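This is what each chain is made of:
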Amino acid sequence: MSLSNRSDGRSDEDLKHPEDVNISPRATDLGVAGNGDEVTPEVSPMGTKNTLIAWLILCYSTGPTSSAASTYVTAAIQSAANLLGHVPGSTKAYAKRGTIKCVVKFGGGEIDYNSYTIYINAIGRAMEGVLTIFISGIADYSHYRKVLMMMAIGIFGAFALPLAGLSKTTYSNLTALSVLYCGMTTIQGIYVVIETSYIPIFMRSAGWVKPPARIGSEEARSEVANVERAAKHVLTKGTRVSVLGLASSNVGGLIALLIGIIITYTRGGPATKGYSNFLLAVAIAGCLTLCFALLSGILLLSVPGKTRPAGNLFVLPLKRWWRLIRSIQTYPQAFKLCIGWILWNTSYSCFLSVAGLLFREVSGLAIGDGLYTVYFFLNVIYACIGSLCWMFVFPYFNFPIKRWAYGFFFINILCVFWGTIGIANISVGYKHTVEFWVQQALFMSSSSALRSHNRVLYASLLPRGSEAQFFGLEITLDLATGWINTLVSAVIQDRTHNLRFPMLPALLLMLAPFACISRLM
């Protein structure tokens, strides 16, 4: 249905700002006729299999560098900081396994070497949030969506290439590693926002649009039953797009992590090669990202967006964000889910980064590099299994969609809580490598399924024409709070020298989304 068709009930003012109009799905647009029979929706070019395949190639292209950077660059920074550091208050040699107390120069003072890694992550996330505010405000206009996304992915892959030359253990190389990692984290937010905004576009291109229905009218009442019958079909369709996109990215990540395993076990051990194996794997992953991004850029169609209003392009995002904030009462369900998703994702990211650093301490810095590569390889395997299993199981169970979220949350909370009990002087709480193998199977599979769940449910609540901005809202608010939690974790680690203490704020944040999800209609 064309937005210019005045029979849809919109006024001239509504057409100027379609993101401010209250909208609801109509039965015929969901593939159900008024008499209950199925109808064949009009399929746009974005609804073809070829376009979906092109989008999956795009998702695949970001996987190698994303996984390699989050896994291997942080490990390289941790190793470099450890090698350049010393025991607090002395020049004694530092431990390589177990509880490691080591400080490294940072600015005008010294901080715990793990805090150094967490601080760098916090800086990157804060910069990412600032840039995402601008990008998500203009991505829905004209053909900016595809252009911005391809530029971001290209820069993201290019940042990985110089890392292979930074393997010498010097402060200058540690600084360069930190700067490049911050740059990659910053750019990552751009393509994530635009990439996920394609999910509702795919859902609508197959026939699902959201025109207004007059509340209380005879037409609206007659369509309620048909909408309810079709809602399951729509969510199932969105589930497939969301899960396949995540799975495609995870497969790309698996390739990069497999390359890291092969390099680590064949090129030479840490005694001779140090952490250069990690950096070489990241550089190769960057090459893969650039090649597949070029292919997807050729195949993927541009999505025509709304006509950009007259005025300064740099002021436009601020105006859109102001209208978006004012629309909280218009789209309360979307904002409730957004808040819950943000709190969960902040806790998830914090716990995952801390758990990775802790695994290296428990298995041994350098001597446990081989185990570390396998550990994160299995992380992605379990993530693929979790989201794919949910995709296949979802259509066959009549559980309310919120109950799925409750189950996934429970498993997540259990895994984080298990780490906090290790603060006490007991023999469990991620103090043995076997505990990490169990944790990753439970945590990664449930988290991946929950992420797919959130993306589908959120996409179903968004107004047409504002996909990138609403997904940008989630990403930006997540980054606005995420870096604060990461910063708090770094301060806690610097004071305690125990990576289980930063899991406490992650546990508290993991409990909060229950209230938001429970209030969804």
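In what follows, the structure referred to is the one given above.
Residues numbered from 1 in each chain as written. Predicted model: local features only at pLDDT ≥ 70, side-chain atom pairs only at ≥ 80, totals over all residues. Heavy atoms only, no water.

A closer look at the side chain of Asn-345
In plain terms, the rule: Helix and strand definitions follow DSSP, with helices as H or I runs of at least four residues and strands as E runs of at least two, each counted in order from the N terminus. For the purposes of these results, a polar contact is taken to be a pair of N or O atoms within 3.5 Å, where, inside protein, one atom must be able to donate a hydrogen and its partner to accept one; residues adjacent in sequence count only when each atom of the pair is a side-chain atom. We call two residues in contact whenever any of their non-hydrogen atoms come within 4.5 Å of each other.
With respect to the helices, strands and loops of the structure, Asn-345 is situated in helix H11 (residues 332-363). Within the local environment of Asn-345, its side chain forms a polar contact with the side chain of Arg-451, the two groups lying 2.8 Å apart. In this view, Asn-345 contacts Arg-451 and Asp-478; residues no more than four positions away in its chain are not counted.

Describing the packing of helix H2 (residues 49-84) against helix H12 (residues 369-393)
Going by this rule: Interaxial angle, 0 to 180 degrees, is taken between N-to-C directions of lines fitted to C-alpha atoms, where a helix line uses only the stretch in contact. An angle below 35 degrees is treated as roughly parallel, one above 145 as roughly antiparallel, one from 65 to 115 as roughly perpendicular, and anything else as oblique. Two helices crossing with the near one rotated counterclockwise from the far one by less than a right angle form a left-handed crossing, whereas a clockwise rotation gives a right-handed crossing. Residue polarity follows a fixed list, in which Ala, Val, Leu, Ile, Met, Phe, Trp, Tyr, Cys and Pro are nonpolar, Asp, Glu, Lys and Arg are charged, and the others, Gly among them, are polar.
Relative to each other, H2 and H12 sit at 155°, their axes nearing to 11 Å. By the angle between their directions, the pair H2 and H12 is classed as roughly antiparallel. In the packing of H2 onto H12, the handedness of the crossing is right-handed. In this structure, H2 uses Ser-67, Thr-71, Tyr-72, Thr-74 and Ala-75 to contact H12, whose residues at the interface are Tyr-372, Thr-373, Phe-376 and Val-380. Considered class by class, the residues forming the contact of H2 with H12 number 5 nonpolar, 4 polar and no charged.

Describing unusual backbone geometry
Let me state the cut-off plainly: Exposure classes here rest on a 1.4 Å probe applied to the protein chains alone. A residue is buried below 20% of its type maximum, exposed above 50%, and partly exposed in between.
With a phi close to 60°, Tyr-430 is a non-glycine residue in the positive phi region. Mapping Tyr-430 onto the fold places it in the loop between helix H13 (401-420) and helix H14 (433-459). Positioned with a positive phi, His-497 is a non-glycine residue whose angle comes to about 55°. Classification of His-497 by relative accessible area gives buried; the value is 15%.

Regarding the nonpolar core
To keep it simple, the criterion reads: Throughout this description, the term nonpolar core refers to a set of buried Ala, Val, Leu, Ile, Met, Phe, Trp, Tyr and Cys residues connected via side-chain atoms within 4.5 Å.
In terms of nonpolar packing, the biggest core is built from 122 residues, with Leu-163 and Tyr-458 touching the most fellow members. Sorting elements by how many residues they give to this core places H11 first, with 16 residues.

A closer look at the packing of aromatic side chains
A ring pair, where both rings are aromatic, is described by two values, the distance of the centres and the angle of the planes. For clarity, the threshold we go by: Planes of paired rings set the category: under 30 degrees apart is stacked, over 60 is edge-to-face and the rest tilted, where pairs are Phe, Tyr or Trp rings (Trp by its six-membered ring) whose centres lie within 6.5 Å. Whether a charge lies above a ring is judged from NZ of Lys or CZ of Arg, which has to be within 6 Å of the ring centre and within 35 degrees of the ring normal.
Scanning the entire structure with this criterion turns up 20 aromatic pairs. Above the face of the Tyr-348 ring, Arg-451 is positioned so that its terminal group lies 4.9 Å from the ring centre.

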